[in-house]
Amino acid sequence: MHADDIVVVIAAVAAIAWVNWYFFIAADRQADGRESEHRDGATRS
Amino acid sequence: MDARVSTVTARLAADGAAPVVRIDIPVSGMTCAACQARVQRTLVRQPGVRDAAVNLMTRTASITYDPAEASPEALVHAIRSTGYGADLPLDRSILEEQEAADRAYAEEYRALARKAGVTLLAGFVAMIVARTLSFALLATTVAIMVWSGRSFYVRAWAAFRHHAADMNTLIAVGTGAAFLFSVAATVAPSFFVARGVAADTYYEAVIFIIALVLVGSALEARAKRQTAAALGKLANLQPKTARLERAGDEVDVPIDDVRRGDVVSVRPGERLPVDGEIVAGSSAVDESMLTGESLPVLRAVGDRVIGGTINTTGAFRYRATTLGAESVLARIVRLMREAQGTRAPVQRLADRVSAVFVPVVISLAIATFAIWYVAVDTAPAVRAFAAAVAVLVIACPCAMGLAVPTAVMVATGKGAELGVLIKGGEALQRAGSLDTVVLDKTGTVTEGRPTVTDVVSYDPHRTDVEVLQLAGAVERRSEHPLAAAIVASAAERGLTLGAAQAFESYPGRGATGVVNGVAVAAGNLRLLAEWAVDTSAASADVERLAAEGKTLVLVAADGRLAGLVAIADPIKAGSRDAVSALRRLGLDVVLLTGDSEPVARSVARAVGIERVVAGVLPEGKVAEVRRLQEQGRVVAMVGDGVNDAPALAQADLGIAIGSGTDVAIEASDVTLMRGDLRGVAQAAALSRRTMRTMKQNLFWAFVYNVVGIPVAAGALYPVAGILLSPILASAAMALSSVSVLSNSLRLRRYDPRAV
C-alpha cells in the first residue's frame, strides 16, 4: 500500500461517516427539533 | 380560497377532536418516490396536519388538517421549502381542472422531449470529437448542464438542505463529479500525465447521463398523459351548450347558464348536456361511456338520464336536475382522480426503501472509489472514479417509485372503461386478495322489483284476468310491495280497477274489501283460513309455486276461492354467468337475504349458489359478514348500497351495485355502474392481475438495483472482466423505468370479461 492509498482510504471512511451522519442522524435531530417546536407552539396556543 | 377544500368533514370524533378540513394542493417538480416521500414527510411534520398523502402521478398533496392550527398558505409554503413548486388550488370546475391537467402533462412531455433530443444529439457530437476539442466540449457540457440538467441540481440542492437525498442527488453527484474531474483534465492535463494517469475527460458521459434520464422522464410523462387522457375523454363528454325551452322557443345556451328545473330538448344523435328527468317523449340512450353497458337503454317519461350520454333515435325533453360539480359525470371524474391518487399499501414498502437508499448508495460509491483506488495499479484514480460514478447512476430508484402508482392508474382506468369504479389502490389490493363473495339477493342477484308471474283461476265463472282485477282493486289501496306488483301487472294488461269499499289491511296476511258488491279477500293461506275459505283446490299449485320461490296471493270472492296470483322477483340476466365466473376465480359465493328460506333456496339454485343464509335482518347481515371474517376469510359484500350499507362497511370490500345515478358511490370501495353482477368477477379478476403486475414491477425494480449496483461497482471485474461505464449505467437505469412502465401499460390490454 502506498501513502496515497492510505490517504484515500481514510478520506473515504470519513466521507462515508459524514454522509450517514448528515442524512440520518442530523436529519432525525432536525426533525425532532421541529416537532418539539410544534408541540411547544401547540401548547402555547 | 377554500373552494377546493373538498370535504369539510366536520368529523367530531367521540373524544371531541376538532373538525378537520381536507385540501388538495397541486405540487410540481416531483420526479420519483424519494421526492414524494420528502414532501410527505415535511407535510406530516407541519403543525395541525393530521394526515398527508402525496401522489406522484397526479402531482397532488391531499392534506387533512385542523384549520385552527394550519392554513392552506402555510401548507403551500411548507411544500415550497422542500424545493418543489406548490400553488393554492384554484376555484375551477372539475372539467376545467381536467383540461388544465391534460395541458400540463402535454406541456411537460414536449419540454422534456425537446431537452432530451437536443441533449442526446450533443452527446453524439461529443463522442465524435471527444479527444480533440476539449475546451469546446467543456463549454457545451456547461450549457447542457445549465439548460437541460438544471432541474436536477436545483432539486438535489433543495433536498440536501433538508438533510434529504433523492434520485436527483444521485444524478447531481454523479454528473457533478464526472464534470469536475473532466474540467481538471482539460485545464491541467500535465498534472495527470506527470502522475502516469491519462488526462481523460467524461464530458460525453455527463451529457449522456442527463440525456438518458430526460428520455426516461419524457417517456414517463407520455405514459402519464396517456392514462390521464382516459379521464380527459370522460370529462370531455359533456357538450358545451344545451338547447333550452324558453318562452316557447328553443334557444342554445352555454352549459354554465343551465339552471335546475330548465327543460332541455334533445334531438336524435345528440349528446345530453346535463343530468335530468324526462318530461316528454322517449328514446333509447347510449350510456356505454359511463356504464360500460353496450346496448342503448330505453328511457321514457319519469326516467332519469345522465349528462354526457348519447341519445340514439328518438327525441325527448327533460328537466335538468343535477348540474356542475354535482352531476354524475363530474362525480365520476372526481372519484377517478381521487382513486388514481391513492396509494396501495404495498407502496409503503417502496417509500421506506427509497428513503434510506440514497445515502447508502452514496456510501457505496465512496467505498467503491477507495477499493478501486487501492486495488488498481495503473491509472487508479480514473478507474476508481468511473466505477463510483457508475454506481451513483445505476442506483437511481425511479423504477421503484413508478412500480405501484402506474399499475393503480392503469387498472382504475381500465375498470372505469368496463363500468367498474374502483376507489384506489387500497381497494384494488383488497379486491385482489378476496376469497369469499357475499351477495345480497334482492336488487343484486334479482331485479329487486317483484313481478306477477302466474295468475290461476279456480272459479269456472271467472277468467284469470278477472281474478287479477279483483285482487288489484283491493290491493290498490295497500302499500305493500306485493300489492304494487299486482297493480302494476293489471295496469300493464290495460285493466281498469274498481274501487274497493270497506278496505281493511291485515299486516303480514293481506287485505280485504268490497269490489262492485263482491266481498274480496286477497292474501296468504292464513288470511283465507281466517275467512273460512276452502283452499284445497289450490293446494297443488300452492305447493309447486312456493317451491319455485314465488310468493302467493290467494283471492277469495264472496267466501269462495276465486284464484291465486304468484309473484316473484325475477333473476337478473347476468346473475348466473356472474356466479360461475366468480367460482372459476376460486371464490366462495354466499347468498344472504332477509327473505324466507324457500325463496332464497330457489334463487340460489337458479344461479348456482350452494351456500344460503336466509331470514337475516340488516344487522344480521353485518354479523354474518363478521362471522365469515372471523373464519379468516377476506369477504366482499355486494349490495345495492342502501339497506346493505352497514354490511358493505363491515366487509373487507364493499361493492355497491346500481345504475350509477342513485347509488351512493361514496359509500363503497367499488361501484358497479351497470346493475350487472358480472362486474364483481371483473373487479376481482382485474385486481388480481393488477396485484401481480405491481409485484412484478417491485420485484424487477428491486432486483435491478440489487444486481446493478455490484456490477457497476466492478464486482464482476476480477472474475469476468465486466465493467460498466457511466454511460452504460445511465442507459440501464433509463431502461428499468421504461420496463416497469410498459409492464403496467400491459394491463390496458387485459380483458377481465374473459374470466
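Before going into details, it helps to say that this report is about the structure given with it. (Residues numbered from 1 in each chain as written. Chains lettered and ligands numbered in written order. Predicted model: local features only at pLDDT ≥ 70, side-chain atom pairs only at ≥ 80, totals over all residues. Heavy atoms only, no water.)

Quick look at the overall build of chain A
Stage number 1. The helix and strand tally for chain A stands at 1 helix and 0 strands.
Stage number 2. For chain A, the proportion of its 45 residues judged to be buried stands at 24%.
Stage number 3. Accessible surface computed for chain A: about 3200 Å², of which carbon and sulfur atoms make up 63%. (Helix = DSSP H or I, 4+ residues; strand = E, 2+ residues; numbered from the N terminus. Buried < 20%, exposed > 50% of the residue type's maximum accessible area, 1.4 Å probe, protein only. Areas by Shrake-Rupley, 256 points an atom, 1.4 Å probe, with all protein chains shown as cover.)

Re the pattern of salt bridges
All names here are of chain B.
Stage number 1. This structure, assessed with the given rule, holds 20 salt bridges over all chains.
Stage number 2. In this structure, the salt-bridge partner of Arg 544 is Asp 541, at a minimum N-O distance of 3.4 Å. Placement of both Arg 544 and Asp 541 in helix α19 (residues 539–547) is noted, with a separation of 3 residues, approximately one turn of the helix.
Stage number 3. The class of Arg 544 is partly exposed, set by a relative accessible area of 41%.
Stage number 4. Asp 588 is paired through a salt bridge with Arg 633; the nearest N and O atoms lie 2.9 Å apart. With a gap of 45 residues between them, Asp 588 in strand β22 (residues 588–592) and Arg 633 in the loop between α22 (618–630) and β24 (635–639) connect regions that are remote in the sequence.
Stage number 5. Looking at Asp 588, the relative accessible area reads 34%, which means it is partly exposed.
Stage number 6. Within the structure, one salt-bridge network assembled from shared partners comprises Arg 243, Asp 252 and Glu 270. (Salt bridge = Lys/Arg side-chain N within 4 Å of Asp/Glu carboxyl O.)

Quick notes on the interface of chain A and chain B
Stage number 1. Listed per partner, the contact involves 22 residues of chain A and 21 residues of chain B.
Stage number 2. Taken together, the two surfaces of chain A and chain B that pack against each other cover about 1900 Å², and 71% of this comes from carbon and sulfur.
Stage number 3. At the junction of chain A and chain B, the tally comes to 0 salt bridges.
Stage number 4. On inspection of chain A and its partner chain B, the count reaches 4 residue pairs in polar contact (both at pLDDT 80 or more).
Stage number 5. Its residues assigned to classes, the side of chain A that touches chain B shows 15 nonpolar, 3 polar and 4 charged. (Contact = heavy atoms within 4.5 Å. Buried area = accessible area lost by both parts, 1.4 Å probe. Polar contact = N/O pair within 3.5 Å; in protein donor to acceptor, adjacent residues only side chain to side chain. Nonpolar A, V, L, I, M, F, W, Y, C, P; charged D, E, K, R; others polar.)

Here's the deal with a positive patch on the surface
Stage number 1. Together, Arg692(B), Arg746(B), Arg748(B) and Arg749(B) make up a positively charged patch on the protein surface.
Stage number 2. Looking at the element boundaries, Arg692(B) is found in helix α24 (residues 678–713). (Patch = residues over 30% accessible without salt bridge, like charges linked within 9 Å, V, L, I, M, F, W, Y side chains within 5 Å. Lys, Arg positive; Asp, Glu negative; His and termini not counted. Charge placed at Lys NZ, Arg CZ, Asp CG, Glu CD.)

A few points about the sheet that holds strand β16 (residues 451–457) of chain B
All names here are of chain B.
Stage number 1. An order of β16-β21-β20-β19-β18-β17 is seen for the 6 strands of this open sheet, with the pairing classed as antiparallel. At either margin of the open sheet sits one strand with a lone partner, and together these are β16 and β17 (500–506). Neighbour-to-neighbour, the strand axes of this sheet turn through a mean angle of 15°, independent of strand direction.
Stage number 2. Pairing between β17 and strand β18 (residues 510–515): 5 bridges, direction antiparallel. Its bridge partner lying in β18, Gln 501 is registered against Val 514. (Pairing = 2+ DSSP bridges. Axes fitted to C-alpha atoms, helices over the stretch in contact; angles between N-to-C directions.)

Considerations on the environment of Phe135(B)
All names here are of chain B.
Stage number 1. Within the secondary structure layout, Phe 135 lies in helix α4 (residues 134–147).
Stage number 2. According to the relative accessible area criterion, Phe 135 is exposed, its value standing at 55%.
Stage number 3. Sequence separation between Phe 135 and Val 183 is 48 residues; the distance between their C-alpha atoms is 8.9 Å.

Some remarks on the sheet that holds strand β25 (residues 653–657) of chain B
All names here are of chain B.
Stage number 1. Spatially, 7 strands are ordered β14-β26-β25-β24-β15-β22-β23 in an open sheet, and the strand pairing comes out mixed. The open sheet has two edge strands, β14 (420–422) and β23 (611–613), and neither has a second partner. Neighbouring strand axes in the sheet, compared pairwise and without regard to direction, differ in orientation by 20° on average.
Stage number 2. Across 3 bridges, β25 lies against strand β26 (residues 670–672) in parallel orientation. Residue pairing across strands places Ala 656 opposite Thr 671, the latter belonging to β26.
Stage number 3. Taken strand by strand, α24 contacts β14, β15 (436–440), β24, β25 and β26, and its axis lies near 45° from that of β14.

Looking at the pairing of strand β13 (residues 316–320) of chain B
Residue and element names in this part refer to chain B.
Stage number 1. Note that strand β7 (residues 263–266) and β13 share 4 bridges and pair antiparallel. Counterpart to Val 263 in the pairing with β13 is Arg 319.
Stage number 2. Alignment of strand β8 (residues 276–281) against β13, held across 5 bridges, turns out to be antiparallel. Paired with Gly 281 across the two strands is Phe 316, which belongs to β13.

Comments concerning the nonpolar core
All names here are of chain B.
Stage number 1. Membership of the largest hydrophobic core comes to 65 residues, with the highest contact counts inside it found for Val 361 and Ile 362.
Stage number 2. It is helix α12 (residues 380–394) that provides the largest number of residues to this core, a total of 12 residues.
Stage number 3. Setting aside its immediate chain neighbours within four residues, Val 361 contacts Leu 170, Val 391, Leu 392, Ala 395 and Ile 709. (Core = buried A, V, L, I, M, F, W, Y, C linked by side-chain atoms within 4.5 Å.)

Thoughts on the packing of helix α5 (residues 150–161) of chain B against helix α6 (residues 167–187) of chain B
Residue and element names in this part refer to chain B.
Stage number 1. In contact at an axis separation of 8 Å, α5 and α6 are set at 115° when each is read in the N-to-C sense. On the basis of their axis angle, the class for α5 and α6 is roughly perpendicular. In terms of crossing hand, the pair formed by α5 and α6 is left-handed. In this structure, α5 contributes Phe 152, Tyr 153, Arg 155, Ala 156 and Ala 159 to the contact, and α6 contributes Asn 168, Thr 169, Ile 171, Ala 172 and Thr 175. (Parallel < 35°, antiparallel > 145°, perpendicular 65-115°, else oblique. Left-handed = near helix turned anticlockwise from the far one by under 90°.)

Details of the packing of α12(B) against α24(B)
Residue and element names in this part refer to chain B.
Stage number 1. Interaxial distance between α12 and α24 falls to 8 Å at its minimum, and their mutual angle equals 170°. Here α12 is positioned roughly antiparallel relative to α24, judged by the angle of their axes. Note on element contacts: α24 touches α12 through Tyr 704, Asn 705, Gly 708, Ile 709, Ala 712 and Ala 713, opposite Ala 387, Ala 390, Val 391 and Ile 394.
Stage number 2. Of the residues belonging to the contact of α12 with α24, the class tally is 8 nonpolar, 2 polar and no charged.

Remarks on the environment of Asp588(B)
Residues and elements named next belong to chain B.
Stage number 1. Taking C-alpha positions, Asp 588 is 8.6 Å from Arg 611, a pair spaced 23 residues apart along the chain.
Stage number 2. Leaving out residues up to four positions away in the same chain, Asp 588 has contacts with Asp 435, Thr 436, Val 437 and Arg 633.
Stage number 3. Engagement of the side chain of Asp 588 in a polar contact is seen with the side chain of Arg 633, the distance being 2.9 Å.

Quick look at the side chain of Thr693(B)
Stage number 1. Note on placement: Thr693(B) falls in helix α24.
Stage number 2. The contacts of Thr693(B), once residues within four sequence positions are left out, are Ala407(B), Asn743(B), Ser744(B) and Leu747(B).

Overview of a nonpolar patch on the surface
Stage number 1. On the surface, Trp18(A), Trp21(A) and Ile25(A) cluster together into a nonpolar patch covering about 310 Å² of accessible area.
Stage number 2. Here Trp21(A) is to be found in helix α1 (residues 3–44).

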